[in-house]
Amino acid sequence: MIGNNYLQVLFDFPDEDTSLNQLLELLKFKDLNFINSIKEPIKIDLCNDKEIQYLTKVSALIDYYLQIYGIEVPDWIRDEKLSFDKPYYHSKRISDFEKLRLQYTNPAPFRARNVYYDLQGIQRV
C-alpha cells in the first residue's frame, strides 16, 4: 500500500497514461495540498512490486518539478529502491536513436532512476 492518498488514487487509475497526466497537472499548477502530502514519508518496504514500479516512474517526475520550483525534495523520493535496473522509456514508440537522445538529454532526476520521458511530452500548457 502506497500510503499517500493522492498517489494511491493515481496508482489505482485503470490507465497509467491518464494517471501520469493527472500527476503532471498537480505538479504544473503547484497544488499545495498534493505537495504538502508528499512531504510525508512513504514506507516503500510495504509496497508491492507494481507500486514500486509506479512510484519509480512518478518519483522522477516529482523530483524534477520540485527542483524546478525550488521546493525541497523529500528523502523518500530519492530512495535507492526507486530506480530501474534497465532503462524505462515512457514513450511506447521510440527509435533507438531517440532512446539514446533521451539518455543524454534528460535531467538527473530521470537518469538517476533510469526513467526517461520526452521533456516536451511532459510539459503542460
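All figures in this text were calculated on a predicted structure; none of them were measured in a lab.

(A) Here's a closer look at the overall build of the protein chain. Broken down by element type, the protein chain carries six helices and two strands. Along the protein chain, from the amino end to the carboxyl end, the secondary structure elements read α-α-α-α-β-α-α-β. When its C-alpha atoms are laid out on the principal axes, the protein chain stretches across 40 × 30 × 30 Å. For the protein chain, the exposed surface amounts to about 7,600 Å²; the carbon and sulfur share of it is 50%. Charged side chains in the protein chain number 16 positive and 19 negative. The centres of these two groups are separated by 4 Å.

(B) Examining the environment of Asp85 more closely. Mapped onto the secondary structure, Asp85 falls in the loop between α4 (49–69) and β1 (88–89). Measuring from C-alpha to C-alpha, the distance between Asp85 and Arg113 comes to 8.5 Å, with 28 residues separating the pair along the chain.

(C) Representation of the packing of helix α2 (residues 16–28) against α4. It is the contact of α2 with α4, at a shortest axis distance of 10 Å, that shows an interaxial angle of 20 degrees. Regarding the angle of α2 to α4, the classification is roughly parallel. Crossing handedness for the pair α2 and α4: right-handed. Every residue of α4 that contacts α2 at Glu16, Ser19, Leu20, Leu23, Leu24, Leu27 and Lys28 is listed here: Tyr54, Lys57, Val58, Leu61, Ile62, Tyr65 and Tyr69. Looking at the contact of α2 with α4, its residues break down into 10 nonpolar, one polar and three charged.

(D) Spatial organisation of unusual backbone geometry. Phi at Lys30 is positive, roughly 50 degrees, even though this residue is not glycine. Positionally, Lys30 belongs in the loop between α2 and α3 (32–37).

Conventions adopted
- Residues numbered from 1 in each chain as written.
- Predicted model: local features only at pLDDT ≥ 70, side-chain atom pairs only at ≥ 80, totals over all residues.
- Heavy atoms only, no water.
- Helix = DSSP H or I, 4+ residues; strand = E, 2+ residues; numbered from the N terminus.
- Areas by Shrake-Rupley, 256 points an atom, 1.4 Å probe, with all protein chains shown as cover.
- Lys, Arg positive; Asp, Glu negative; His and termini not counted.
- Charge placed at Lys NZ, Arg CZ, Asp CG, Glu CD.
- Axes fitted to C-alpha atoms, helices over the stretch in contact; angles between N-to-C directions.
- Parallel < 35°, antiparallel > 145°, perpendicular 65-115°, else oblique.
- Left-handed = near helix turned anticlockwise from the far one by under 90°.
- Contact = heavy atoms within 4.5 Å.
- Nonpolar A, V, L, I, M, F, W, Y, C, P; charged D, E, K, R; others polar.

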